[in-house]
Amino acid sequence: MVELLRTGPGIVLIETHDENQLKAFYDVSSEHGMFSLLDAFSLATEGETIVLITPEDHKVLRSSEDRYAVILQDEPSVILSNLINSGMSAYVGKTKIVSRTIIMRTMGDMEKVFDELQEDYHGIEGSIMEFINSNLEQGVIIALTDRSLNRQVTLGDIYMEKCLLINENYFTIFKELRSNALKYLNSGLGNKVWYEMDIRIYDMYGAFKLHFERLINVLTELEMGIVLGSSWSKDYPKMLLAVDVYSVRFFSFYEPHYIKKVLLGMEYVDDGTRIVDYDLYMGKKKISWRDLTKDRKMTRDRLGLLYRQETLSNLTHDEELKIYEMEAKVMETRKR
C-alpha cells in the first residue's frame, strides 16, 4: 500500500581527540566499514543509527567524501551507553544525539504540504546538515519525499533537502502525523478524487491466500492505494450458481481502468496460463477488460500478457523474484 510515514535512521555525533581508538572499538577503518555521510544516508535504514566520528569542533559537510560515518544496529542511547560502560569515555570529547527524523511521503505540490506543516506546527525550517551542526537536540525533524518509502530513501530524495524541526515529543508528533498523513497527501494532490473499489478474487483450485498475498505485494510495491478491509463473499457468474470469492475493499487515487490493467496482467504467468480471476467492481458496476483497448481483435490473453510485462517492469528485482516464487507455489496447487 502507500506507506506515508517512516522513521529515519538515528544520528549520533561523537567528537574525539583520538579517532583511531574509536575506529578500533567499532572495528572499522576508512577502508572498511566507514562511509561518507551521503553514502551512510543511502545505506542506513529504519532502526539503525549513523555514528559520525569526527575531530573536535569539526563541522560536518554534506559534500565531503571523508569516510567518518559508521552504521550500527542500535538505538543512539544504547550506543552511547556501550561507549561509557566499555571504558571509552576518555576518548570522547563531545557527543550529541541529533533530533529524531520522520520521513513523510507526499505527492504533487510538495511546497504546499511543507507550508501546511509549518502552519500547523510552527517549526524551524532548515536542512539535515544544519540540524546536525547545530546545538539543537530536542524535538523532531520532519522531512518530505516523493519517493516510495517501501524503498531506500537517500538524502538527495528529501524535498529540497529542506526539513522542519518541531519542538514536541517524538511519539506525540508521530501519532498526529499518522492520523493526518492522508490529509497532507491529498492536499499535495490538490484534493484529488479517490475511488473506492472492490477486488474479487476467484480460483477454482482454492489458492486464495497465495493470490491475496501476491496481489497485496504488487499493490504495495506500486503504491496504488489503501486496503480498507477484506472478507469472504459469494458471486453469481451464472444464474443459481454461487461461487466463493475473496473480496478486497480498496481505496485509490488511480482511476479504475488503470487498476484493472494491473489486475488483468497479474491474472497470468509468463507462459500465458491464467491462474486467477481478479475482478474489479465500482459499486455494482464490473470493470471489463474490453474497456481497456479499442482494438476489437485484441484477445484477453494477449492483453493480459502485455500488461503483465508492463507491471513486472515497474517492480524492483527482489519484488519480481518474490512474485515468481509465489506463482510457482500457485502452480503447485494445480498438480494436486
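Residues numbered from 1 in each chain as written. Predicted model: local features only at pLDDT ≥ 70, side-chain atom pairs only at ≥ 80, totals over all residues. Heavy atoms only, no water.

Undergrad: An account of unusual backbone geometry is requested, with residue identities and associated values reported.
TA: A positive phi is found at D27, a non-glycine position, where the angle reads about 55°. Its location among the elements puts D27 in the loop between α1 (19–25) and α2 (37–43). At E223, a position not held by glycine, the phi torsion is positive, near 50°. Tracing the chain through its elements places E223 in the loop between α7 (208–221) and β11 (226–238). (Helix = DSSP H or I, 4+ residues; strand = E, 2+ residues; numbered from the N terminus.)

Undergrad: Could you give me a rundown of the packing of α7 against helix α10 (residues 317–333), with the residues and numbers involved?
TA: Closest axis-to-axis distance for the α7/α10 pair is 10 Å, and the angle between their directions is 165°. Taken together, the axis directions place α7 and α10 in an arrangement best described as roughly antiparallel. For the pair α7 and α10, the sense of crossing is left-handed. On α10, the residues that touch L210, H211, E213, R214, N217, V218 and E221 of α7 are E319, K322, I323, M326, E327, K329, V330 and T333. (Axes fitted to C-alpha atoms, helices over the stretch in contact; angles between N-to-C directions. Parallel < 35°, antiparallel > 145°, perpendicular 65-115°, else oblique. Left-handed = near helix turned anticlockwise from the far one by under 90°. Contact = heavy atoms within 4.5 Å.)

Undergrad: Hey, could you go over the sheet that holds strand β7 (residues 124–126) for me, with residue numbers and the actual values?
TA: An order of β1-β6-β8-β9-β7 is seen for the five strands of this open sheet, with the pairing classed as mixed. The outermost strands of the open sheet, each flanked by one partner alone, are β1 (5–7) and β7. In this sheet, neighbouring strand axes are inclined to one another by 25° on average, regardless of whether the strands run parallel or antiparallel. Judged from the three bridges that link them, β7 and strand β9 (residues 158–166) form a sheet pairing that is antiparallel. For G126, the partnering residue across the bridge sits in β9 and is C163. Its contacts with the sheet put helix α4 (residues 110–121) on β6 (100–105), β7, β8 (140–145) and β9, and the angle it makes with β9 is roughly 5°. Along the sheet face, helix α6 (residues 170–188) touches β1, β6, β8 and β9 and points at about 10° away from the line of β6. (Pairing = 2+ DSSP bridges.)

Undergrad: Please give an account of the pattern of salt bridges that cites residues and values.
TA: If you walk through the whole model with that rule in mind, you get 16 salt bridges. Residues K162 and E111 are paired through a salt bridge, measuring 3.2 Å at the closest nitrogen-oxygen approach. In this pair, K162 is assigned in strand β9 and E111 in helix α4, connecting sequence segments 51 residues apart. A relative accessible area of 29% means that E111 is categorised as partly exposed. A salt bridge links D198 to R200; the shortest N-O distance between them is 2.9 Å. Exposure remark for D198: the relative accessible area of 15% places this residue in the buried category. (Salt bridge = Lys/Arg side-chain N within 4 Å of Asp/Glu carboxyl O. Buried < 20%, exposed > 50% of the residue type's maximum accessible area, 1.4 Å probe, protein only.)

Undergrad: Can you lay out the packing of aromatic side chains for me, pointing to particular residues and giving the numbers?
TA: For the coordinates displayed, the defined rule picks out 10 aromatic pairs. Taking 5.1 Å as the distance between ring centres and 25° as the angle between the ring planes, the aromatic pair formed by W194 and F251 counts as stacked. Taken together, the positions of W194 in the loop between α6 and β10 (195–202) and F251 in strand β12 (residues 241–252) put the pair 57 residues apart, joining distant regions of the chain. Overall, W194 belongs to the buried group, its relative accessible area being 15%. The exposure class of F251 is partly exposed, given its relative accessible area of 24%. Judged by centre distance (5.0 Å) and plane angle (65°), the ring pair of W232 and Y246 falls under edge-to-face. Highlighted residues: W232 in strand β11 and Y246 in strand β12, separated in sequence by 14 residues. Here Y246 falls in the buried class, since its relative accessible area comes to 16%. (Phe/Tyr/Trp six-rings, centres within 6.5 Å; stacked < 30°, edge-to-face > 60°.)

Undergrad: How would you explain the environment of C163 if you had to name every residue and give the values?
TA: As for its position among the elements, C163 is in strand β9. Spatially, the C-alpha atom of C163 lies 35 Å from that of E310, the residues being 147 residues apart in sequence. Those residues within four positions of C163 in sequence are excluded, and the remaining contacts are F114, I124, E125, G126, I128, F131, I141, I142, A143 and I158.

Undergrad: Can you lay out the nonpolar core for me, pointing to particular residues and giving the numbers?
TA: Ranked by size, the top nonpolar core spans 28 residues in total, and within it I199, I201, L215 and Y278 carry the most contacts. When residues of this core are traced back to their parent elements, those giving at least two are β10, α7, β12, α8 (256–265), β13 (277–282) and α10. Here this core takes five residues from α7, the largest share from any one element. When neighbours within four sequence positions are excluded, L215 is seen to be in contact with I199, I201, V248, L263 and Y278. Judged by nonpolar contacts, the second largest core, of 26 residues, contains L5, M107, F174 and L177. (Core = buried A, V, L, I, M, F, W, Y, C linked by side-chain atoms within 4.5 Å.)

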